[in-house]
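Here is what each chain is made of, one letter per residue.
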2 protein chains.
Amino acid sequence: MKQYRIAILGATGAVGQQMLRVLEERQFPVETLLPLASSRSAGAVITFRDRTIPVETAEAAAFDGIDLVLGAADSETAVAMAPAIRAAGAVFVDNSSAFRLEADVPLVVAEVNPQDVKQHKGIISNPNCTTIITLTAVYALDAISPIRSMVISSYQAVSGAGAGGPVELMRQTEAICHGREYPPQVFAYPIAYNLIPQIGGPQEHGYTSEEMKLHYEGRKILHRPDFKASSTCVRVPVLRSHSVSARVTFERPVSVEQARQAIAVAPGCRLVDDLAQMRYPMPRDTSCQDLVYVGRIRRDMADPCSLHLWCCGDQLRKGAATNAVQIAELL
Amino acid sequence: MKQYRIAILGATGAVGQQMLRVLEERQFPVETLLPLASSRSAGAVITFRDRTIPVETAEAAAFDGIDLVLGAADSETAVAMAPAIRAAGAVFVDNSSAFRLEADVPLVVAEVNPQDVKQHKGIISNPNCTTIITLTAVYALDAISPIRSMVISSYQAVSGAGAGGPVELMRQTEAICHGREYPPQVFAYPIAYNLIPQIGGPQEHGYTSEEMKLHYEGRKILHRPDFKASSTCVRVPVLRSHSVSARVTFERPVSVEQARQAIAVAPGCRLVDDLAQMRYPMPRDTSCQDLVYVGRIRRDMADPCSLHLWCCGDQLRKGAATNAVQIAELL
């Protein structure tokens, strides 16, 4: 079996760390592993398969001889490094938003459009975490009747803001419990015992950049240019795992029973849907694993072509690192 | 000015305590104040206008000579006490869900349907907290074009579960910060750093009792029997103030600018809607006051007749105690 020489761009960050764990768990055929990060991480080390590996500075020369680059850095770094990665002949599976909507870059959710991987010209983009979790949850329903539009309200964990998010939330809550202040640094406002209804900057029609991602990325992933998503993205004081309250509108009515049966056997999903027994997805149950839990499936009170559901998934795992490694496996 | 002899049923609970504060703040003409609670609260005292008043046991004989009873107890107590309150000739403004949907009981949001108070036959019901907050936020839009349906996802604070909710959340978060367990008592699952997508028991079509309230109460308050609401109600680790992500569907298109102008001057509302300046409603800003803050107003991406908005309000104040005292003022 071929072994691959892999670089991780942004290996010290929250998503980069998860990529290392997922490569280990899935026994990815790694010949050499090269952790890269900005010069701020100079001197850092990572562990991989019980070995300690020094982190090297991400610069153009680093990619010589590399087969595959898993990108866990920001968009600016991804754009800066892409030419060198391409010149080295490596494939770049990038988690940033930099290339997601470019015409010659496949945007892939492993359970939804794996065939798109074949079209790549050196770069494959990993979608936004909320997009991955939502589409993994609902895609099995698209085969029953095409999904036309969605309305989602998200409940996004602080780990989505990077490794500093959980630290800030825990220290801030503890400070408040002791009557002290803990001024926000990672977030614009205190997040402990609060909600912040803004993720990303203002984009168009009063939506934020985060809120427009499901709309545009969904169109590309589903190959349905008239798909429409209206999102409200909210940061909540949860450490890990994003949750989504979704209203899904189909071309024709889909029954609750049809939806349950489809999701029960859908790849990447676990059906957790028994209100009478108080069983439904919760972020505390879905963290540090790869499935998207789906429950609270019910019909809309007004529109016979719409269903509601509630789903939770670990946005660092399935919402980022796991999906990126799955893309690498598809290659 | 006539002075009233007032009893508070459930005076030691979270809502009862707020009723005392709201009566003080609004300088309600109180001649005598009688705090009532179950025998479990025997020996307790409350303070009102700098006086300490012993809590008496809620029983039929307690209502003799009372003009007005503000109900802050559970449905069972409300049903048990209603005949005695009626026999005493007092008006019962009840915050429980016991009588809300009965034909001869007005269900009133002070800013929406104050005229309904006149129809009372001894009992007036205060709506559910999420219903009050949501309808106060959107009612000004109904005059531009009638509201036909709504899709809401709620983010409900732990104080909605009574005075024990905030205590459990704070102790549980602190325990987790120190690596300890704090088993849930008030809630079915740990709420610290978690979300619980169930409030109330299973009711119909897979919705919970809490989720059906906006649907049925909204029909009665708006006098629109074909109004439809599809709700997902979620408990979040916030101490106080409920938040709601709402999609409102009108008979005809309503522009974002029309909606902003209407909400800016709507009674009971404060427009906080400037994404570029990072101004929007947040629960930490709306607690311990009476206005419902409304922001993030924008059009739906799929339906020209729908708008989205985000609102926050203190569910113990406007969502319960303040609205009850407003009803008493209307009398």
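The structure this text deals with has already been given above.
These figures come from a predicted structure and were not determined experimentally. (Residues numbered from 1 in each chain as written. Chains lettered and ligands numbered in written order. Predicted model: local features only at pLDDT ≥ 70, side-chain atom pairs only at ≥ 80, totals over all residues. Heavy atoms only, no water.)

### Quick notes on the state of the cysteines
Stage number 1. A complete count under the given rule lists 0 disulfides over all chains for this structure.
Stage number 2. The closest cysteine sulfur to the non-disulfide-bonded A:C311 is located on A:C312, 6.8 Å from its own sulfur.
Stage number 3. Sulfur of B:C288: no disulfide; nearest cysteine sulfur belongs to B:C312 and is 14 Å away.
Stage number 4. With relative accessibility at 53%, the residue B:C288 sits in the exposed group. (Disulfide = S-S within 2.5 Å. Buried < 20%, exposed > 50% of the residue type's maximum accessible area, 1.4 Å probe, protein only.)

### Quick notes on the sheet that holds strand β6 (residues 68-71) of chain A
Within a beta sheet, neighbouring strands are joined by backbone hydrogen bonds and run either parallel or antiparallel to one another.
Residue and element names in this part refer to chain A.
Stage number 1. Spatial strand order, β5-β2-β1-β6-β7-β8: 6 strands in an open sheet with parallel pairing. Both outer strands of the open sheet, β5 (56-57) and β8 (123-125), are each paired with one neighbouring strand and no more.
Stage number 2. The sheet contact formed by strand β2 (residues 30-37) and β5 spans 2 bridges and is parallel. By the bridge assignment for β5, L36 is matched with E56. (Pairing = 2+ DSSP bridges. Helix = DSSP H or I, 4+ residues; strand = E, 2+ residues; numbered from the N terminus.)

### Details of the packing of aromatic side chains
Stage number 1. In total, this model carries 9 aromatic pairs over all chains according to the counting rule given.
Stage number 2. Between A:Y155 and A:W310, the aromatic rings sit 5.0 Å apart at their centres with planes inclined by 75°, giving edge-to-face as the arrangement. One end of the pair, A:Y155, is in strand β9 (residues 147-156); the other, A:W310, is in strand β14 (residues 306-313), with 155 residues separating them in the sequence. Pair check on accessibility: A:Y155 and A:W310 agree, each one buried.
Stage number 3. Between A:Y280 and B:Y189, the aromatic rings sit 6.0 Å apart at their centres with planes inclined by 80°, giving edge-to-face as the arrangement. Taken together, the residues A:Y280 in the loop between β12 (269-271) and α7 (283-286) and B:Y189 in the loop between α4 (164-177) and α5 (209-221) connect one chain to another.
Stage number 4. Using a relative accessible area of 3% as the deciding quantity, one classes A:Y280 as buried. (Phe/Tyr/Trp six-rings, centres within 6.5 Å; stacked < 30°, edge-to-face > 60°.)

### Considering the pattern of salt bridges
Residues and elements named next belong to chain A.
Stage number 1. All told, the structure shown has 40 salt bridges over all chains when counted by the stated rule.
Stage number 2. Between E251 and R148 there is a salt bridge, with its nearest N and O atoms 3.8 Å apart. Here E251, found in the loop between β11 (242-250) and α6 (256-264), pairs with R148, found in strand β9; they are 103 residues apart in sequence, far enough to count as distant.
Stage number 3. Look at E251 and you get partly exposed, because its relative accessible area is 42%.
Stage number 4. A salt bridge links E257 to R260; its shortest N-O distance comes to 3.6 Å. Placement of both E257 and R260 in helix α6 is noted, with a separation of 3 residues, approximately one turn of the helix.
Stage number 5. Several salt bridges share partner residues, and in doing so they unite R148, D226, E251 and R252 into one network. (Salt bridge = Lys/Arg side-chain N within 4 Å of Asp/Glu carboxyl O.)

### Quick word on the packing of helix α3 (residues 129-142) of chain B against helix α6 (residues 256-264) of chain B
Residues and elements named next belong to chain B.
Stage number 1. One way to put it is that α3 packs onto α6 with a least axis distance of 8 Å and a crossing angle of 120°. One finds that α3 runs oblique with respect to α6. The crossing of α3 and α6 is right-handed. On α6, the residues that touch A137, A140 and L141 of α3 are A259, A262 and I263.
Stage number 2. Residue composition of the contact of α3 with α6, by class: 6 nonpolar, no polar and no charged. (Axes fitted to C-alpha atoms, helices over the stretch in contact; angles between N-to-C directions. Parallel < 35°, antiparallel > 145°, perpendicular 65-115°, else oblique. Left-handed = near helix turned anticlockwise from the far one by under 90°. Contact = heavy atoms within 4.5 Å. Nonpolar A, V, L, I, M, F, W, Y, C, P; charged D, E, K, R; others polar.)

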